[in-house]
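Observations on the model geometry
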Amino acid sequence: MASLGLGGLNVSTRRKSVPSRNAAVERRNLITVCRFSVKTLIDRSCFETIDDTSPEFNNFAAILEQILSHRLKGQITWFGYESPRSFWDYIRVACRKVSHNCICSIENMENVGSSRAKGRAWIRVALMEKHLSEYISTALRDFKTTRRFYEDGAIVLGEEANMLAGMLLGLNAIDFSFCLKGEGLDGSYPAVIDYTPYLKFTQSSDSISSDEEELRTLGSSGSEGSTPENIGPPFITDENSWYNKCKRVEQKYRLALEQKGYLEELVRLRENQLSESVSQNKLLLQRIEDMDLAHKMEKEQLEYIIVELQDQLTVLKNNDLRSRQELTTHLTNQWPSPGALDVNAVALDTLLYRKHNQQWDEKSFQSLDQLSADVSLSQSSLDPGHSQDGKQDGINLVNEGKEDTPSLLGLCGSLTSVASYKSLTSLKSNEYLASPTTEMTSPGLTPS
């Protein structure tokens with residue numbers, strides 16, 4: 001029983017390993033054939049232009065279509081059925097991120113209706129644009145979308161996908177020319193790969209020697225009357241072989257010559273691009289130098305403007321300080337000196353004291369002229385500018401002979417200080433102190 005169980009286990013593991021082996025062989029075969037087809041396309045492009053009539057291109061397009069369709073999931077409909085899907089559905093979603101892509105132009109083509117035909121048109125347009133490798137690389141990087149469209153074991157989900165993008169990069173050196181209205185865009189038939197150009201049998205050296213011995217044996221067993229002319233065909237065969245070798249050498253020489261011309265043209269193109277880049281670099285350097293010079297000039301102008309503004313600000317500050325000093329000096333000079341204030345205050349106090357003690361009468365003066373002189377003297381000591389007005393007011397007061405009142409004594413106080421003098425000046429400006437005699441005749445005033 002145990003042996004039967006082990007045998008059943010081995011059978012089950014074999015059944016599981018067979019599909020995985022088949023899938024691995026299928027992937028390896030497709031990648032290998034794709035590599036061969038890319039090499040044959042590059043070799044053929046050295047002699048002629050690749051178009052729809054080239055068998056190498058048709059084989060390559062069939063191989064690429066088989067790779068992109070390998071284990072592609074079907075589309076589930078609303079009724080739960082799975083309908084077949086073309087690789088164009090995957091390319092249309094995964095290659096949207098390619099800059100300046102041709103997805104929209106393929107979608108809007110009028111003569112291409114089926115999804116498979118659009119995918120074939122996309123292969124041709126991508127080859128003419130030299131962006132096929134970029135499209136495949138961008139689609140493979142979008143692993144989430146790729147996982148959504150393909151089943152496990154697909155080529156685009158394995159390690160062979162990176163090899164595929166690298167192989168297709170060599171096709172950018174080929175100039176393709178396709179007609180997007182030809183028979184190749186017919187999506188009614190599947191793509192078929194032709195493996196015969198890539199099949200080659202190499203005979204070993206041992207088998208070659210045995211064939212020669214066998215031919216020699218057959219020749220010796222022939223008629224004795226055989227002449228030396230019978231050995232002619234081997235020499236002719238040798239000539240043909242040498243002729244074939246010369247043809248192959250000549251073909252290799254032409255191929256090398258074409259590749260040399262292509263590389264020379266590529267080098268010439270790169271030299272032109274390099275010279276253009278150098279000239280552009282010189283222009284950019286010159287522009288940078290001009291911008292630096294303009295920046296320096298603007299900086300110098302700004303510095304000069306700043307210095308000039310600082311000088312003007314200094315002059316304005318000096319003028320302001322000078323104006324303040326002049327204003328202070330002017331206001332200071334408006335006030336009389338302290339000695340003059342003291343003399344004026346003493347004279348006014350003496351005059352008011354005489355008025356208060358009733359000693360200021362008509363008998364104390366020798367004449368009216370003497371009284372007018374005393375009043376004018378007192379008034380001139382208070383306000384030199386109003387000496388004549390005070391004299392006239394004193395004469396009028398004496399002539400009127402009204403009774404003097406002591407109301408001015410408390411108002412004036414002591415005029416020995418500047419504050420007393422200011423109060424006296426304000427009273428004089430209101431014409432209440434026009435003269436001492438006027439104040440004595442104003443009974444309505446009261447001390448403040």
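Residues numbered from 1 in each chain as written. Predicted model: local features only at pLDDT ≥ 70, side-chain atom pairs only at ≥ 80, totals over all residues. Heavy atoms only, no water.

Looking at an unreviewed UniProt entry, one finds the chain named RUN domain-containing protein 3B and attributed to Cyanoderma ruficeps. Its UniProt record gives the chain the following Sequence similarities (unreviewed entry) comment, quoted word for word: "Belongs to the RUNDC3 family." (UniProt positions renumbered as here; feature names shortened; annotations may be inferred.)

**Examining the overall build of the chain**
Helix and strand counts for the chain stand at 16 helices and two strands. Taken over 448 residues, the chain has a buried fraction of 27%. Within the chain, counting contacts between residues at least 6 apart in sequence, those at least 24 apart form 73% of the total. (Helix = DSSP H or I, 4+ residues; strand = E, 2+ residues; numbered from the N terminus. Buried < 20%, exposed > 50% of the residue type's maximum accessible area, 1.4 Å probe, protein only. Contact = heavy atoms within 4.5 Å.)

**A word on the pattern of salt bridges**
Throughout the structure, instances matching the rule amount to 16 salt bridges. With a shortest N-O distance of 3.4 Å, arginine 92 and glutamate 107 are connected by a salt bridge. Here arginine 92, found in helix 3 (residues 87-94), pairs with glutamate 107, found in helix 4 (residues 103-107); they are 15 residues apart in sequence, far enough to count as distant. A relative accessible area of 26% means that glutamate 107 is categorised as partly exposed. (Salt bridge = Lys/Arg side-chain N within 4 Å of Asp/Glu carboxyl O.)

**Thoughts on a positive patch on the surface**
A contiguous patch of positive charge on the surface is contributed by Lys200, Lys245, Arg248 and Lys252. Take arginine 248: it is sitting in helix 10 (residues 232-334). Judged by relative accessible area, arginine 248 falls into the partly exposed class, the value being 47%. (Patch = residues over 30% accessible without salt bridge, like charges linked within 9 Å, V, L, I, M, F, W, Y side chains within 5 Å. Areas by Shrake-Rupley, 256 points an atom, 1.4 Å probe, with all protein chains shown as cover. Lys, Arg positive; Asp, Glu negative; His and termini not counted. Charge placed at Lys NZ, Arg CZ, Asp CG, Glu CD.)

**Observations regarding the packing of aromatic side chains**
Taken as a whole and assessed by the stated rule, the structure comprises seven aromatic pairs. Ring centres of phenylalanine 57 and phenylalanine 178 lie 4.3 Å apart, and the angle between their planes is 35 degrees; this geometry places the pair in the tilted category. Of this pair, phenylalanine 57 sits in helix 2 (residues 55-68) while phenylalanine 178 sits in the loop between helix 8 (160-168) and helix 9 (205-220), placing them 121 residues apart in sequence. In this structure phenylalanine 178 comes out as buried when scored by relative accessible area, which is 10%. Ring geometry for tyrosine 90 against tyrosine 150: centres 5.0 Å apart, planes inclined by 85 degrees, an arrangement best described as edge-to-face. (Phe/Tyr/Trp six-rings, centres within 6.5 Å; stacked < 30°, edge-to-face > 60°.)

**Comments concerning the packing of helix 3 against helix 5 (residues 115-129)**
How two helices sit against one another is set out by the angle between their axes and by the gap between those axes. Put simply, helix 3 and helix 5 touch, their axes get as near as 8 Å, and they point 55 degrees apart. Here helix 3 is positioned oblique relative to helix 5, judged by the angle of their axes. The chirality of how helix 3 crosses helix 5 is left-handed. Within the contact between the two elements, helix 3 uses Phe87, Trp88, Asp89 and Ile91 and helix 5 uses Ser115, Lys118, Gly119, Arg120, Trp122 and Ile123. (Axes fitted to C-alpha atoms, helices over the stretch in contact; angles between N-to-C directions. Parallel < 35°, antiparallel > 145°, perpendicular 65-115°, else oblique. Left-handed = near helix turned anticlockwise from the far one by under 90°.)

**A short note on the confidence of the model for the chain**
Detailed reading of the predicted model is not advised wherever pLDDT is low. On average, residues of the chain carry a pLDDT of 74, and 61% of them reach 70 or more. Least confident of the elements in the chain is helix 16 (residues 436-440), whose mean pLDDT is 42; most confident is helix 2, at 94. Across residues 382-403 the pLDDT falls below 50, and counting only partners more than four positions away or on other chains, this stretch makes 35 contacts in the model. (pLDDT = per-residue confidence, 0-100.)

**A look at the nonpolar core**
Membership of the largest hydrophobic core comes to 58 residues, with the highest contact counts inside it found for Phe60, Trp122, Leu127, Leu132, Tyr150 and Leu171. Elements supplying a minimum of two residues to this core: helix 1 (2-45), helix 2, helix 3, helix 4, helix 5, helix 6 (132-141) and helix 8. Ranked by residues supplied to this core, first place goes to helix 2 with eight residues. (Core = buried A, V, L, I, M, F, W, Y, C linked by side-chain atoms within 4.5 Å.)

**Considering helix 8**
Among the residues of helix 8, those classed as buried are Glu160, Ala161, Leu164, Ala165, Met167 and Leu168. Looking straight down helix 8, one finds that the buried residues subtend no more than 165 degrees of arc, so they occupy a single side. (Arc of directions from axis to C-beta.)

**Details of a nonpolar patch on the surface**
Residues Leu302, Tyr304, Ile305 and Leu309 make up a contiguous nonpolar surface patch of about 440 Å² in total accessible area. As for its position among the elements, leucine 302 is in helix 10.

**Remarks on unusual backbone geometry**
A positive phi angle, close to 55 degrees, is found at arginine 71, a residue other than glycine. Among the structural elements, arginine 71 can be located in the loop between helix 2 and strand 1 (75-76). Look at lysine 130: it is not a glycine, yet its phi comes out positive at around 60 degrees. Counting through the fold element by element, lysine 130 comes out in the loop between helix 5 and helix 6.

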